[in-house]
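# Descriptive structure summary
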Amino acid sequence: MDLFEKIENIKKEFEKNIDECLDAKRLEEIRTLYLGRKSEFTQILKSLASLPEETRRELGKKANDCKNYAASKIEELAKQLESRSEDKQRASLDVTLPGIIKKEGSLHPLTQTISRISDIFISLGFAIADGPEIETEFYNFEALNIPLDHPSRDAFDTFYIQGKYLLRSHTSNVQIRIMRETEPPIQVIMPGRVYRPDAVDASHSFMFHQVEGLMVDKKISFSDLKGILSIFCRSMFGEKTKTRLRPHFFPFTEPSVEIDISCIMCSGKGCRVCSGSGWLEIMGAGMVNPKVFKAVGYDNEKYKGFAFGMGVERIAMLSHGIDDIRLFYENDVRFLRQFV
Ligand code: PHE
């Protein structure tokens, strides 16, 4: 058999092998067999050296052509095999299966309630302000006309830190801070945490949230207080909500009131939530006491104002029908997930 024939035979054998090849592993074997250093083509090419020039050129060309042909066939098949395995992977992916639902976090119900309250006051032209939770007696008490002998100054009613400092027992401290810093007109709400050493039960916590409000200008009257706060109650609890002002006492407002809304559970008929009265107490308010204006250095003749303060937990509990304040602080996702 001459070398020409031999090359032809190798080529045929190669074609058979490549036709039968079904996987990448076999293809690699074929590659080594026909293109490797010890392959028959290489052997033939090496043996050409001893042949006469003309035969050598012809045979060399033939052997090289076949080798190149084999190389291109192998590449072609390698590509095919690769795309076939991708198809297979794709086929094993069932796009009709339900997806994995990621559990998204959400705002805490108290944060949501503060946002709702803030949005209403923002729409009425109020700005939002912040103040410290660690406070001095001056801002928490004295400037608010709560003298030393006032019952709420009693150590049992306030968390004291090293004598002079305390954890604020209400957000009213921010009223003083703002008035000491700015001249009227003032129209702000001040949300934040407050602390009282109460025994924890279904309706008490040693820490809770309040939203304080303050509006001071030249011609603010009690009717502004009543108007703004009735609009707030209607926006917060529904258009049919009625408001009622009851005389009350706060050292920092004069006159002072407590504001009730018609019960949002029974619309005023009387139920368990409103203890049969048809009304729910929602906040304290009043005209800023001239003694407070004096403490911050405002001219009493020139300015009038009103202030109010509401408990965020109480509002959130009423809005959502939550009957235990402790649920807000336990971080139990079964509770929190209901407010997504
Ligand atoms: N600071 C009062 C409280 O904590 C609420 C209040 C604020 C009342 C402003 C009147 C005016 O009970």
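Residues numbered from 1 in each chain as written. Predicted model: local features only at pLDDT ≥ 70, side-chain atom pairs only at ≥ 80, totals over all residues. Heavy atoms only, no water.

### Structural notes on the packing of helix H3 (residues 40-47) against helix H4 (residues 53-91)
For the pair H3 and H4, the least separation of the axes is 10 Å and the interaxial angle reads 160°. Between H3 and H4, the angle is such that the two are roughly antiparallel. As H3 runs across H4, the sense of the crossing is left-handed. Residues Phe-41, Thr-42, Ile-44 and Leu-45 of H3 form the contact with H4, whose own contacting residues are Gly-60, Ala-63, Asn-64, Cys-66, Lys-67 and Ala-70. Its residues assigned to classes, the contact of H3 with H4 comprises six nonpolar, three polar and one charged. (Axes fitted to C-alpha atoms, helices over the stretch in contact; angles between N-to-C directions. Helix = DSSP H or I, 4+ residues; strand = E, 2+ residues; numbered from the N terminus. Parallel < 35°, antiparallel > 145°, perpendicular 65-115°, else oblique. Left-handed = near helix turned anticlockwise from the far one by under 90°. Contact = heavy atoms within 4.5 Å. Nonpolar A, V, L, I, M, F, W, Y, C, P; charged D, E, K, R; others polar.)

### Here's the deal with the UniProt feature "binding site: Mg(2+)" (unreviewed entry) in the protein
Sites flagged by UniProt as "binding site: Mg(2+)" (unreviewed entry) map to Glu-254. You can see Glu-254 is positioned in strand E8 (residues 253-262). In this structure Glu-254 touches Met-287 and Asn-289, once residues within four positions along its chain are discounted. (UniProt positions renumbered as here; feature names shortened; annotations may be inferred.)

### Brief notes about the environment of Lys-302
On the secondary structure map, Lys-302 appears in the loop between helix H9 (290-296) and strand E10 (304-311). The sequence separation of Lys-302 and Lys-219 amounts to 83 residues, and the corresponding C-alpha distance is 8.6 Å. When near neighbours in sequence (up to four residues on either side) are disregarded, Lys-302 contacts Asp-217 and Lys-218.

### Concerning a negative patch on the surface
Taken together, Asp-154, Asp-157, Asp-198 and Asp-201 make up a surface patch of like negative charges. Overall, the relative accessible area of 37% leaves Asp-157 in the partly exposed class. (Patch = residues over 30% accessible without salt bridge, like charges linked within 9 Å, V, L, I, M, F, W, Y side chains within 5 Å. Areas by Shrake-Rupley, 256 points an atom, 1.4 Å probe, with all protein chains shown as cover. Salt bridge = Lys/Arg side-chain N within 4 Å of Asp/Glu carboxyl O. Lys, Arg positive; Asp, Glu negative; His and termini not counted. Charge placed at Lys NZ, Arg CZ, Asp CG, Glu CD. Buried < 20%, exposed > 50% of the residue type's maximum accessible area, 1.4 Å probe, protein only.)

### Some details on the sheet that holds strand E4 (residues 165-167)
Pairing is antiparallel across the open sheet formed by three strands, whose spatial order is E2-E4-E3. Looking at strand neighbours, the two that pair on one side only are strand E2 (134-136) and strand E3 (160-161), the edges of this open sheet. When E2 meets E4, the two strands line up antiparallel, connected through three bridges. Bridge pairing links Ile-134 to Leu-167 in E4. (Pairing = 2+ DSSP bridges.)

### Looking at the pairing of E10
Strand direction decides the pairing type here: strand E6 (residues 207-217) and E10, joined by eight bridges, are antiparallel. Within E10, the residue paired with Asp-217 across the bridge is Lys-304. Taken together, the five bridges between strand E9 (residues 279-288) and E10 define a ladder with antiparallel strand orientation. When the bridges of E10 are listed, Ala-285 appears paired with Phe-308.

### A closer look at the pattern of salt bridges
Summed over all chains, the structure comprises 15 salt bridges. The salt bridge partner of Arg-193 is Glu-133, with a shortest N-O separation of 3.4 Å. Of this pair, Arg-193 sits in strand E5 (residues 186-195) while Glu-133 sits in the loop between strand E1 (127-128) and E2, and the two are 60 residues apart along the sequence. The partly exposed category is assigned to Arg-193, whose relative accessible area is 37%. Looking at Glu-133, the relative accessible area reads 25%, which means it is partly exposed. Residue Glu-258 is joined to Arg-246 by a salt bridge in which the shortest nitrogen-to-oxygen separation is 3.2 Å. Of the two residues, Glu-258 is situated in strand E8 and Arg-246 in strand E7 (residues 243-250); the sequence distance between them amounts to twelve residues. For Glu-258, a relative accessible area of 11% translates into the label buried. The class for Arg-246 is partly exposed, based on a relative accessible area of 26%. Within this structure, Arg-244, Arg-246, Glu-258 and Asp-260 form a network of salt bridges that share partners.

### Concerning the site of the ligand
Taken together, 14 residues lie near the ligand, and His-170, Ser-172, Arg-196, Gln-210 and Glu-212 sit nearest. Look at the ligand: alone it shows 330 Å² of surface, and the protein chains cover 89% of it. Because more than half of its atoms lie within 2 Å of the grid, the ligand is assigned to the largest pocket. Elements with a contribution of two residues or more to the shell around the ligand: helix H7 (172-181), E6, E9 and E10. At three residues, the largest contribution of residues to the shell around the ligand is made by E10. (Near = heavy atom within 4 Å. 1 Å grid on protein atoms, 1.4 Å probe; cavity = no way out; pocket = protein on both sides within 12 Å on 5 of 7 lines; lining within 4 Å. Sits in = over half its atoms within 2 Å of the grid points.)

### Examining the pairing of E6
Judged by how many residues are buried, E6 sits mostly within the fold: ten of eleven residues are covered. Here E5 runs beside E6; their pairing, made up of ten bridges, is antiparallel. Within the sheet, the bridge partner assigned to Val-188 lies in E6 and is Leu-214.

### Description of the packing of aromatic side chains
Aromatic ring pairs are described here by two measures, namely the spacing of the ring centres and the angle between the planes. Under the defined criterion, the tally for this structure stands at 15 aromatic pairs. Pairing Phe-121 with Phe-308 gives two aromatic rings, centres 5.1 Å apart and planes at 20°, and the pair type is stacked. Pair noted here: Phe-121 is in helix H5 (residues 109-123) and Phe-308 is in strand E10, with a separation of 187 residues, a long-range link. Relative accessible area serves as the criterion here: at 2%, Phe-308 is assigned to the buried category. Between Lys-11 and the ring centre of Tyr-69, over which it is positioned, the NZ or CZ distance is 4.8 Å. One residue, Arg-177, lies across the ring of Tyr-139, its end atom 3.9 Å from the ring centre. (Phe/Tyr/Trp six-rings, centres within 6.5 Å; stacked < 30°, edge-to-face > 60°. Lys NZ or Arg CZ within 6 Å of the ring centre and 35° of its normal.)

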